[in-house]
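Structural description and commentary
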Amino acid sequence: MTFLSNLINGISLGSVYAIIALGYTMVYGIAKMLNFAHGDVIMVGAYISFCATTYLNLPPVVSVVLAMIVCTVLGVLIEGLAYKPLRKATSLAVLITAIGVSYFLQNVALLIWGSNPKTFSSIIRLGSVSLFDNKLIITTESIVTVLACIVIMIALTMFTKKSKMGKAMRAVSEDKDAAELMGINVNVTISVTFAIGSALAAIAGVLLCSAYPVLQPTTGSMPGIKAFTAAVFGGIGSIPGAMLGGILLGIIEIFSKSYISTQLADAIVFAVLIIVLLVKPTGILGKKITEKV
Amino acid sequence: MNKLKNLNKFTLTNIQSYGIVLLAFIIIFPLQKAGMLSNQISGLLVPTCTYVVMAISLSLTVGFLGELSLGHAGFMSVGAFSGVVCAACLQNSIASDPLRLLIAIIVGGLFAGVAGLVIGIPVIRLRGDYLAIVTLAFGEIIKNIMNCLYVGFDKNGIHFSMTSAEALGLIDAKPILNGPNGAQAITKISTFTSGIILIVVALFIVLNLVNSKTGRAVTAIRDNRIAAESVGIGVTKYKLTAFIISAVIAGMAGALYAMNFSTIKPTKFDFNTSILILVFVVLGGMKNIPGVMIATIVLYAMPELLRGFANYRMLIYAIILILVMLATNSSGAKQFFEKISSKIKKGENTDVQNGGVSNG
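Residues numbered from 1 in each chain as written. Chains lettered and ligands numbered in written order. Predicted model: local features only at pLDDT ≥ 70, side-chain atom pairs only at ≥ 80, totals over all residues. Heavy atoms only, no water.

Below, the discussion takes up the overall build of chain B. When you go through chain B residue by residue, the secondary structure sums to 14 helices and three strands. Its C-alpha atoms give chain B a radius of gyration of 23 Å, near enough to 21 Å, the size a compact globule of 360 residues would have. Across its three principal axes, chain B shows a C-alpha extent of roughly 85 × 55 × 40 Å. In chain B, buried positions account for 50% of the 360 residues. Summarising the internal contacts of chain B: among those between residues at least 6 apart in sequence, 72% fall at separations of at least 24. Summing over all exposed atoms, chain B offers an accessible surface of approximately 16,900 Å²; the carbon and sulfur share of this is 64%. The centroid of the 27 positive side-chain charges in chain B is displaced by 7 Å from the centroid of its 14 negative side-chain charges. (Helix = DSSP H or I, 4+ residues; strand = E, 2+ residues; numbered from the N terminus. Rg over C-alpha atoms; globule rule 2.2 N^0.38 Å. Buried < 20%, exposed > 50% of the residue type's maximum accessible area, 1.4 Å probe, protein only. Contact = heavy atoms within 4.5 Å. Areas by Shrake-Rupley, 256 points an atom, 1.4 Å probe, with all protein chains shown as cover. Lys, Arg positive; Asp, Glu negative; His and termini not counted. Charge placed at Lys NZ, Arg CZ, Asp CG, Glu CD.)

This paragraph deals with the pairing of strand 2 (residues 157-161) of chain B. Residues and elements named next belong to chain B. Bridging between strand 1 (residues 150-154) and strand 2 involves five bridges; their strand directions are antiparallel. By the bridge assignment, Phe-153 is partnered in strand 2 with Ile-158. Hairpin connection, strand 1 to strand 2: the antiparallel pair is bridged by two residues. (Pairing = 2+ DSSP bridges.)

Residue and element names in this part refer to chain B. Mapped onto the elements, Cys-49 comes out in helix 3 (residues 39-64). With relative accessibility at 4%, the residue Cys-49 sits in the buried group. Taking the C-alpha atoms as reference points, Cys-49 and Ile-297, separated by 248 residues in sequence, lie 8.4 Å from one another. Filtering out sequence-adjacent residues up to four positions away, Cys-49 remains in contact with Phe-192, Gly-195, Ile-196 and Ile-199.

Hydrogen bonds along the backbone pair up the strands of a sheet, which may run parallel or antiparallel. All names here are of chain B. The three strands lie next to each other as 2-1-3, forming an open sheet whose pairing is antiparallel. Because the sheet does not close on itself, it has two edges, and the strands there are strand 2 and strand 3 (175-178). In this sheet, neighbouring strand axes are inclined to one another by 10° on average, regardless of whether the strands run parallel or antiparallel. With three bridges connecting them, strand 1 and strand 3 associate as antiparallel partners. Bridge pairing links Gly-152 to Pro-175 in strand 3. Relative to the sheet, helix 4 (residues 72-89) contacts strand 1, strand 2 and strand 3, its axis offset from that of strand 3 by approximately 165°. (Axes fitted to C-alpha atoms, helices over the stretch in contact; angles between N-to-C directions.)

Once that is clear, we can look at a positive patch on the surface. Residue and element names in this part refer to chain A. A cluster of basic residues, Lys-161, Lys-162, Lys-167 and Arg-170, forms a positive patch at the surface. When residues of the positive patch are traced back to their parent elements, those giving at least two are helix 5 (140-162) and helix 6 (164-174). Structurally, Arg-170 can be placed in helix 6. (Patch = residues over 30% accessible without salt bridge, like charges linked within 9 Å, V, L, I, M, F, W, Y side chains within 5 Å. Salt bridge = Lys/Arg side-chain N within 4 Å of Asp/Glu carboxyl O.)

Take the pattern of salt bridges next. All names here are of chain A. Counted according to the given criterion, the structure contains nine salt bridges over all chains. Ionic pairing is found between Glu-253 and Lys-226, a salt bridge with its closest N-O pair at 3.4 Å. With a gap of 27 residues between them, Glu-253 in helix 10 (residues 239-259) and Lys-226 in helix 9 (residues 221-234) connect regions that are remote in the sequence. The exposure classification of Glu-253 matches that of Lys-226, with both residues buried. Ionic pairing is found between Asp-266 and Lys-226, a salt bridge with its closest N-O pair at 2.9 Å. Linking Asp-266 in helix 11 (residues 265-279) with Lys-226 in helix 9, this pair joins segments that are 40 residues apart in sequence. A residue is classified by how much of its surface remains accessible, and Asp-266, at 19% relative accessible area, is buried.

This paragraph deals with the confidence of the model for chain B. Residues and elements named next belong to chain B. Overall, the predicted model of chain B reaches an average pLDDT of 83, with 92% of residues at or above 70. Across chain B, element-level confidence peaks in helix 10 (residues 235-258) with a mean pLDDT of 93 and bottoms out in helix 1 (residues 2-6) with 56. Counted against residues more than four places away or in other chains, residues 351-360, with its pLDDT under 50, gives zero contacts. (pLDDT = per-residue confidence, 0-100.)

The grouping of A:Val61, A:Val65, A:Ile69, A:Val73, A:Leu77 and A:Leu81 at the surface amounts to a nonpolar patch, some 570 Å² of accessible area in total. On the basis of relative accessible area, A:Leu77 is assigned to the partly exposed category, the value being 46%.

All names here are of chain B. Taken as a whole and judged by the stated rule, the model has 17 aromatic pairs over all chains. Ring geometry for Tyr-51 versus Tyr-257: centroids 5.8 Å apart, planes at 75°, classification edge-to-face. Placement of the pair is Tyr-51 in helix 3 and Tyr-257 in helix 10, with a sequence separation of 206 residues. Taken individually, Tyr-51 and Tyr-257 each receive the classification buried, so the pair is uniform in this respect. Among the aromatic residues, those joined into a ring-pair cluster are Tyr-51, Phe-81, Tyr-257, Phe-261, Phe-269, Phe-280 and Tyr-300. (Phe/Tyr/Trp six-rings, centres within 6.5 Å; stacked < 30°, edge-to-face > 60°.)

All names here are of chain B. Tracing the backbone through its elements, the reader meets His-72 in helix 4. At a separation of 2.7 Å, a polar atom in the side chain of His-72 contacts the side chain of Ser-57. Residues within four places of His-72 in sequence aside, it is in contact with Met-54, Ser-57, Leu-58, Thr-61, Ser-246, Ala-250 and Ser-274. (Polar contact = N/O pair within 3.5 Å; in protein donor to acceptor, adjacent residues only side chain to side chain.)

Moving on, we come to the nonpolar core. With 189 residues, the main nonpolar core has A:Phe36, A:Tyr83, A:Leu95, B:Ile56, B:Leu70, B:Ile199 and B:Leu278 as its most contacted residues. When residues no more than four places from it in sequence are discounted, the contact partners of B:Ile56 are B:Ile199, B:Ala202, B:Leu203, B:Val206, B:Ile289, B:Val292 and B:Met293. Of all hydrophobic cores here, the second largest spans nine residues; its members include B:Ile221, B:Ala228, B:Ile233 and B:Val235. (Core = buried A, V, L, I, M, F, W, Y, C linked by side-chain atoms within 4.5 Å.)

Here we come to a negative patch on the surface. Residues and elements named next belong to chain A. Together, Glu-174, Asp-175, Asp-177 and Glu-180 line one region of the surface with negative charge. With respect to the secondary-structure elements, Asp-177 resides in helix 7 (residues 176-181). A relative accessible area of 55% means that Asp-177 is categorised as exposed.

To continue, consider the interface of chain B and chain A. By a frequent convention, interface size equals the accessible area lost on bringing the separate parts together. The interface of chain B with chain A comprises 45 residues on the first partner and 43 residues on the second. In total, chain B and chain A occlude about 3,900 Å² of area from one another, counting both sides; carbon and sulfur atoms represent 79% of this. Per-residue buried area on chain B facing chain A is highest for B:Tyr130, B:Ile133 and B:Ile322; these three make up 16% of the total on that side. Run the count over chain B and chain A and you get zero salt bridges. (Buried area = accessible area lost by both parts, 1.4 Å probe.)

Turning to the packing of helix 1 (residues 2-31) of chain A against helix 10 of chain A, a few remarks are in order. All names here are of chain A. Where helix 1 contacts helix 10, the two axes come as close as 6 Å, and the packing angle between them is 140°. Relative to helix 10, the element helix 1 lies oblique. In the crossing of helix 1 with helix 10, the sense of the turn from one axis to the other is right-handed. (Parallel < 35°, antiparallel > 145°, perpendicular 65-115°, else oblique. Left-handed = near helix turned anticlockwise from the far one by under 90°.)

Here it is in structure tokens:
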């Protein structure tokens, strides 16, 4: 039974990682940049939802929608102000700018909400499901998280496969210049990608804080790094890869926490990542890169 | 000015780099001896030296080798804790502080070098962002392991444990490394002079390496790996060499850094520290060593000098960081600067011509 409950916890945590990783992977696939500020967008989303439910007494669903709207605007603003002028710059310059944006968001949050951790009351108040004579308790948070993850995954896949904008995204990620020649507005496509990624980050923030209810300005950074790891793990740039990587990472983390060592759990997660990358240098579902001379 | 231009680039970089160190030493050393520095500034001296060494070391990996490393603080951590353990063990056998510091720094460098070898072998096989993420992963692993490492020293020798301080079974002694609490009761033996000497050593190693046969091979690999391979340069060997040297220097810096504080925790050397050093290197101009040194001094001191702004200081730091990156890298800003520089050049040219005419 402990095995099953660990597995469920792992999948639930992994689903949160997967949702964050989707944001990383989409942005990487299209803009070819590591958006280190993504983790802090998660934190902003969680704070917005927290404020909406605690201070404004809004219903949970409305608070999530509000968080998504704020994060979407924030994501598009960050992209337009900080990343757009650097479209032709080296990837390292963009990376440092992203780090600057990350510092900026953390410190603005610090000024607005203070450094004291806030206790995030779960927005999903439905109790839990008990199975096998109370031996296996599944919280509704995990069920909602996993369901949300599946819905997002399906919706995103449909979006990139079927819709016009989704096709444009795939074209831009394949070849930016050729896409532009075909009449695709590259700038708009990149902005939309950031908008989607940031909206997902808001959902992830709310789900993350519902399961682990401590909210402070640095809340987003560690899950951000781990989700980024998950995206690389599954093959960065690939949507199913991010999903698979996120869930595997969550399961590995929970299992090593309960069976090996709590303190060494992160080390084990990263060690698995290194081994996977050594065997498959572009991640589990990553495309093989062919080099031209 | 013309004489400076005639010197080759290597000599010029050398003069500039060593000049900065010498200048800093000449200005600060007498002030420190005369007791004219405030506690805040004298407390910043050794850490600034350490970060300058770290930046020089990372500049070798990022600037010359062209590989993004996001886990450089990991090597600093290995160097710091092995150095602390070494210094604590030698406390009674070697009375001279500088000698003990020297040995600790060398041991720190050696351990970090071994870590560099262990990490380098898998890492060097990967490329680009994947290499970056693996260095990040290794940095986190080192932090995690240091968090669980207990080391003690008594009359029976050194004891290691991965579980708890009690498991060390120490007799009449306190653990040197105490898991998440890190190293406690360190004898502070780092001095500003030792920091300056370490910078000079690091500069000597890196500047000479870059201008050696190995250094040219490394730059060739950075610029075009396939072309370098086709003219018979062993990519793995040279990359690994540069990576290990970088790790050794970082380890030495770590040992110096740790010995400046009475306690130091493993979490000090986390992802944020790695990023901080990377920011110094990138803003300094990657392979421009004098630039990297100046950027480190300015950027490390800036948050401290902004203390008057209290909570706003890191916000200001973030905004300055973003604006500097936008100003130096965006296409719009580049055109703007090119316009200005071409105007200035035009002015200079006419000056020279006029001068030529009047002289004639």
